[in-house]
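This is what each chain is made of:
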Amino acid sequence: MKSENLIFSREDKKIYKDGDRLVKVFDGTYSKANILNEALNHARVEETNLNVPQIQAVEVVDGQWAIILDYIEGETLQSLMNKHPEKEDEYLNLFVDLQMTVLSKNVPMLNKLKDKMNAQISAANLDATTRYELHTRLDSMPKHKHLCHGDFNPTNIIITADGTPYVIDWAHATQGNSSADVARSYLLFYLAGQEKLADKYLKLYCRKSDTAIQYVQRWIPIVAASRLVKSKPDEEEFLRKWIDVVDYE
């Protein structure tokens, strides 16, 4: 791929625009199985009527595995929120409405959220007592089968010129409890330094969905622990503060 076509880069992956295609190239740290699983997750989500880019191919590009998708021309919701702070309420309402639409879907072949989170808690660098409390809490939570994005934040929503929203990056998609995905979005706002927006988001979502804020809060330590496994060094202290499950009893 040509460097001038690079639109996003981090240590383990690069994303290029190639005409009407978006080419997501993975480095050698990704196993073939994980890349194929991401493509499979995305393909299963395509079977809903959600606006998502369609996968065109999975192939080897310049010696590295890549997922080829439709390129969606537009601007991320995060970019629009940054440019137009006066429209914060409008954009936040769009964000919540879109998340509620996603969570209303069922994709039965996806992995179960509880299984993934139990494995992540087991792998987290936490003492045995804390892991036990988190596993116990997770097991006690209601079992649902809603489509959970796993990384639902404004950077993963593209708004086209005609105002159509597309949800991208389905690598972490699972089926499970909606409030777990909401708790994750809440933490993602906090991790982005948007504490006031995080609180505003949670109140808005709970009002629109008729969900008790306390119920979502019960998920926060579990979600924080599950993220701890692959957290950045500057996130770890913040996440550990949320893992004190006693505060939520």
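Look a little higher up for the structure.
Heads up: these notes are all about the structure in this document.

### Regarding the sheet that holds strand E9 (residues 165–167)
Read from one edge to the other, the open sheet built from three strands follows the order E6-E8-E9, with strand pairing classed as antiparallel. Because the sheet does not close on itself, it has two edges, and the strands there are strand E6 (75–76) and E9. When strand E8 (residues 157–159) meets E9, the two strands line up antiparallel, connected through three bridges. If you follow Ile158 over to E9, its bridge partner there is Tyr166.

### Topic: the environment of Cys206
Within the secondary structure, Cys206 sits in helix H7 (residues 195–209). You can call Cys206 buried: its relative accessible area is 5%. Distance in space between the C-alpha atoms of Cys206 and Glu11 is 36 Å, their sequence separation being 195 residues. In this structure Cys206 touches Thr211, Ala212, Ile213 and Val216, once residues within four positions along its chain are discounted.

### Some words on the sheet that holds strand E5 (residues 64–70)
Here five strands make up an open sheet; going across it, the order is E1-E2-E3-E5-E4 and the pairing antiparallel. Unpaired on one side and paired on the other, strand E1 (6–10) and strand E4 (55–61) mark the two borders of the sheet. If you compare each strand with its neighbour and ignore which way they point, the axes differ by 20 degrees on average. By the bridge criterion, four bridges tie E1 to strand E2 (residues 13–18) in an arrangement that is antiparallel. Within the sheet, the bridge partner assigned to Arg10 lies in E2 and is Lys13.

### Focus on the side chain of His149
Structurally, His149 is set in the loop between strand E7 (146–148) and E8. You can call His149 buried: its relative accessible area is 0%. Looking at His149, its side chain comes within polar contact range of the main-chain nitrogen of Phe152, at 3.2 Å. Discounting chain neighbours no more than four positions away, the residues touching His149 are Asn156, Val167, Ile168, Asp169, Trp170, His172, Ala173 and Asp181.

### A closer look at the pattern of salt bridges
Inspection of every chain in the model, using the stated rule, returns ten salt bridges. Between Arg10 and Asp12 there is a salt bridge, with the nearest N and O atoms lying 2.8 Å from each other. Here Glu235 makes a salt bridge to Arg227, at a shortest N to O gap of 3.3 Å. A single network of salt bridges, built from pairs that share partners, joins Lys24, Glu38 and Asp169.

### Focus on the packing of helix H4 (residues 113–123) against helix H5 (residues 128–140)
Axis separation between H4 and H5 bottoms out at 10 Å; the angle between their running directions is 175 degrees. Relative to H5, H4 is oriented roughly antiparallel. Facing H4, whose interface residues are Lys114, Met117, Asn118, Ile121 and Ser122, H5 presents Arg131, Leu134, His135, Leu138 and Asp139. Broken down by class, the residue content of the contact of H4 with H5 amounts to four nonpolar, three polar and three charged.

### Side note on the nonpolar core
Counting 56 residues, the largest nonpolar core has Phe95, Leu147, Trp170, Tyr186, Tyr201, Trp219 and Ile222 as its most contacted members. No other element matches helix H8 (residues 213–228), which puts eight residues into this core. Each residue touching Leu147, except ones within four places of it in the same chain, is listed here: Val45, Leu50, Val102, Leu103, Lys105, Val107, Leu110, Trp170, Ala173 and Thr174. Within the second largest apolar cluster, seven residues are counted, among which are Ile15, Leu22, Phe26 and Ile35.

Definitions and cut-offs
Residues numbered from 1 in each chain as written. Predicted model: local features only at pLDDT ≥ 70, side-chain atom pairs only at ≥ 80, totals over all residues. Heavy atoms only, no water. Pairing = 2+ DSSP bridges. Helix = DSSP H or I, 4+ residues; strand = E, 2+ residues; numbered from the N terminus. Buried < 20%, exposed > 50% of the residue type's maximum accessible area, 1.4 Å probe, protein only. Contact = heavy atoms within 4.5 Å. Axes fitted to C-alpha atoms, helices over the stretch in contact; angles between N-to-C directions. Polar contact = N/O pair within 3.5 Å; in protein donor to acceptor, adjacent residues only side chain to side chain. Salt bridge = Lys/Arg side-chain N within 4 Å of Asp/Glu carboxyl O. Parallel < 35°, antiparallel > 145°, perpendicular 65-115°, else oblique. Nonpolar A, V, L, I, M, F, W, Y, C, P; charged D, E, K, R; others polar. Core = buried A, V, L, I, M, F, W, Y, C linked by side-chain atoms within 4.5 Å.

These values are about where atoms sit, not about what they do.
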